[in-house]
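Coordinate inspection notes
One-letter residues, chain by chain:
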Amino acid sequence: MEKMVLLGDEAIAQGALDAGMSGIYAYPGTPSTEITEYVQASRQAQADGVHSEWSANEKTAYEAALGMSYAGKRAMVCMKHVGLNVAADPFMNSAITGVGGGMVATIADDPSMHSSQNEQDSRFFARFALIPVLEPSNQQEAYDMAYNGFSFSEKYGLPVMLRVTTRMSHSRAMIQTASRREQNPLQLPADARQFVLLPSIARVRYRKLLDLQPQLESESDRSPYNHLTDGGNHKLGIIACGIAHNYLLENFPEGVPYPVLKIGQYPLPGQLIRKLTALTQNILVLEEGYPIVEEMLKGFLDNSSLKVTGRLDGTLPRDGELNPDLVAAALGLPVRQGPPVPTFLANRPPSMCKGCGHIDTYHALLEALKPYGEGRTFSDIGCYTLGALPPFDAINSCVDMGASITMAKGAADAGLVPSVAVIGDSTFTHSGITGLLDAVNEKSPITIIISDNETTGMTGGQKSSATGHIEKICLGIGVDPEHLHIIIPLKKYHEQNVAVIAGELAHPGVSVVISRRECIQTASKKKRNQ
Ligand SMILES: Cc1ncc(C[n+]2csc(CCOP(=O)(O)OP(=O)(O)O)c2C)c(N)n1
Ligand code: SF4
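Below: a short report on this structure. (Residues numbered from 1 in each chain as written. Chains lettered and ligands numbered in written order. Predicted model: local features only at pLDDT ≥ 70, side-chain atom pairs only at ≥ 80, totals over all residues. Heavy atoms only, no water.)

If you walk across this open sheet you meet the 5 strands as S14-S15-S16-S18-S17, and the pairing is parallel. In the strand order of this sheet, the two ends are held by strand S14 (377-379) and strand S17 (484-487), each with one partner. The sheet shows a mean angle of 20° between the axes of neighbouring strands, direction not considered. Summarising the sheet, S14 and strand S15 (residues 419-424) pair through 3 bridges and their orientation is parallel. Opposite Ser379, over in S15, you have Val422 as the bridge partner. (Pairing = 2+ DSSP bridges. Helix = DSSP H or I, 4+ residues; strand = E, 2+ residues; numbered from the N terminus. Axes fitted to C-alpha atoms, helices over the stretch in contact; angles between N-to-C directions.)

What follows deals with the pattern of salt bridges. Scanning the entire structure with this criterion turns up 22 salt bridges. Note that Arg180 and Asp18 form a salt bridge whose closest N and O atoms lie 4.0 Å from each other. Here Asp18 lies in helix H1 (residues 8-18) and Arg180 lies in the loop between strand S7 (172-176) and helix H10 (199-222), a separation of 162 residues in the sequence. Residue classification places Asp18 among the buried positions, given a relative accessible area of 2%. Where Arg74 meets Glu154, a salt bridge forms, and the shortest distance between an N and an O atom there is 2.8 Å. Of the two residues, Arg74 is situated in strand S3 (residues 74-80) and Glu154 in helix H8 (residues 139-156); the sequence distance between them amounts to 80 residues. On the accessibility criterion, Arg74 (8% relative accessible area) is buried. (Salt bridge = Lys/Arg side-chain N within 4 Å of Asp/Glu carboxyl O. Buried < 20%, exposed > 50% of the residue type's maximum accessible area, 1.4 Å probe, protein only.)

The next subject is the packing of aromatic side chains. Applying the stated rule across the entire model yields 9 aromatic pairs. With a centroid separation of 5.9 Å and 85° between ring planes, the pair formed by Tyr62 and Phe91 is classed as edge-to-face. Separated by 29 residues along the polypeptide, Tyr62 in helix H4 (residues 58-70) and Phe91 in helix H6 (residues 88-97) bring together distant segments of the chain. The same class applies to Tyr62 as to Phe91, namely buried. Ring geometry for Phe124 versus Tyr290: centroids 5.7 Å apart, planes at 65°, classification edge-to-face. With a gap of 166 residues between them, Phe124 in helix H7 (residues 122-129) and Tyr290 in the loop between strand S12 (282-286) and helix H13 (292-300) connect regions that are remote in the sequence. Accessibility expressed as a relative area gives 27% for Tyr290, which makes it partly exposed. Three or more aromatic residues link up through ring pairs in this structure, and these residues are Tyr62, Phe91, Phe125 and Phe128. Residue placement shows Arg318 over the ring face of Tyr290; its charged tip is 5.2 Å from the ring centre. (Phe/Tyr/Trp six-rings, centres within 6.5 Å; stacked < 30°, edge-to-face > 60°. Lys NZ or Arg CZ within 6 Å of the ring centre and 35° of its normal.)

In the vicinity of ligand 2, the contacting residues are Met352, Cys353, Cys356, His358, Cys383, Asn453, Cys519, Ile520 and Gln521. In the shell around ligand 2, the residues fall into 6 nonpolar, 3 polar and no charged. (Near = heavy atom within 4 Å. Nonpolar A, V, L, I, M, F, W, Y, C, P; charged D, E, K, R; others polar.)

A word on the site of ligand 1. The environment of ligand 1 is formed by 25 residues, the closest being Glu58, His358, Thr427, Gly457 and Met458. In the model, an oxygen atom of ligand 1 is placed 3.0 Å from a nitrogen or oxygen of the Asp425 side chain. In the model, an oxygen atom of ligand 1 is placed 2.8 Å from a nitrogen or oxygen of the Asn453 side chain. Among the secondary structure elements, those contributing two or more residues to the shell around ligand 1 are helix H5 (81-86) and helix H17 (425-441). (Polar contact = N/O pair within 3.5 Å; in protein donor to acceptor, adjacent residues only side chain to side chain.)

Scope: geometric values only; no functional claims are made or implied.
As structure tokens, this is what we get:
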């Protein structure tokens with residue numbers, strides 16, 4: 001047992017390692033990436049033979065973790081909130097199969113959309129799947145919840161969600177570790193049909209899941225992560241979930257004068273909520289993300305005199321991250337004014353690095369597209385999405401990972417010919433391959449630019465599953481070799497590259513142009529490491 005100063009993400013990783021986790025599966029995504037990176041760099045993980053390779057996407061990661069759990073070992077799967085949309089199929093069904101070895105799904109939400117397309121709240125997904133959620137209020141709890149999450153998962157034979165948000169993931173504090181546990185031995189499920197979701201089996205297992213719900217609620221009532229403290233002043237009661245509890249405490253260094261129900265474990269603790277509402281009928285809900293507790297509370301008690309405030313009535317903003325000042329304003333406390341931002345600090349919008357290969361790719365594409373006019377380039381998600389901004393203004397969509405090829409295909413089906421997709425290498429293997437197959441099957445007149453920088457650049461340069469495979473994948477899917485090209489995005493090849501892309505824009509079928517040059521950040525990191 002030792003003291004360590006760790007990011008919330010790192011505390012989760014260390015907690016999982018100390019709990020005897022045998023494997024971690026993940027696809028990178030802010031703010032979850034550091035969990036797997038920590039395991040990959042950990043000597044303890046190496047010595048214990050913990051599996052920690054990046055997966056091709058969140059669905060494959062989730063399924064691999066479920067497979068490890070099937071074999072009796074403890075597994076964690078990590079992703080950002082939108083990754084859970086990709087993994088939703090195995091996620092929902094794993095609640096029905098249940099688990100063998102303990103399985104913790106760590107989902108990192110990004111309220112305020114610091115690096116995301118939306119700010120969906122993963123607690124909804126857990127409620128949808130009917131599985132328990134642990135939500136830490138500080139780094140020690142992040143460690144403890146990861147550590148204890150596996151045994152909790154094993155106790156009920158269910159996956160457990162560990163939900164964190166950006167500030168929890170990316171802020172650092174001291175934690176105390178617990179004693180290390182051994183990894184589980186390899187062990188097959190006692191019921192050989194547990195994981196066979198044929199309807200006759202699934203119906204029985206779903207019933208079992210429903211029957212477990214009262215026990216899960218009573219676990220929440222007894223959980224060390226949920227507690228009610230009575231501050232004495234019953235004019236108001238506060239429910240503070242996850243990190244919002246920390247924000248509340250920051251506003252009251254001498255102690256909160258009101259009754260406070262801290263929530264770190266779901267489903268909601270019914271008895272504790274009833275105890276709180278017996279003390280006061282005025283409840284303020286502080287929660288990071290959607291007003292899920294607030295909404296549930298309104299329907300929770302058959303009590304019309306209960307007044308619930310929070311994000312729904314405007315006491316707190318409906319969207320965006322909470323912070324101690326917003327909590328202070330909701331409580332009618334004076335809001336601290338920080339010093340103004342110095343005028344010499346220039347606003348710096350995000351941009352691609354100088355010398356990035358995506359820039360040369362866009363210069364060539366924009367020139368080749370000139371004869372056709374604007375509005376026909378469907379992008380994906382990666383560093384190249386920054387091509388949406390001036391001076392490029394090069395792309396017309398960015399919706400979700402993989403949507404570039406499929407949207408270009410749909411637009412071509414509608415008559416927008418040629419249509420262009422721009423996709424990165426990691427995104428191509430994440431979820432672009434199946435879209436390419438649709439396009440090949442229907443001979444869609446689209447040009448796909450795979451901007452291959454041989455890394456997962458946007459999330460910090462993790463290994464890309466695509467490296468070394470892209471041409472073979474395209475040919476295997478059925479792309480005509482005459483319409484598969486590799487170009488090098490460098491100024492000196494500009495005219496040549498324009499000619500290749502222009503030639504393919506004129507082709508009335510599927511074309512793939514792989515524009516390949518290593519990310520300069522990854523290349524210089526490699527040099528430094530050497
Ligand atoms: C479903 C989902 N998972 C993860 C992410 C986070 N994410 C955004 S871009 C990206 C990787 C892009 O890599 P690549 O396509 O190779 O482009 P690069 O950034 O290297 O240019 C990731 C992992 C996301 N936005 N959505
Ligand atoms: S990190 Fe790499 S891929 Fe991303 S903008 Fe910089 S050079 Fe380009």
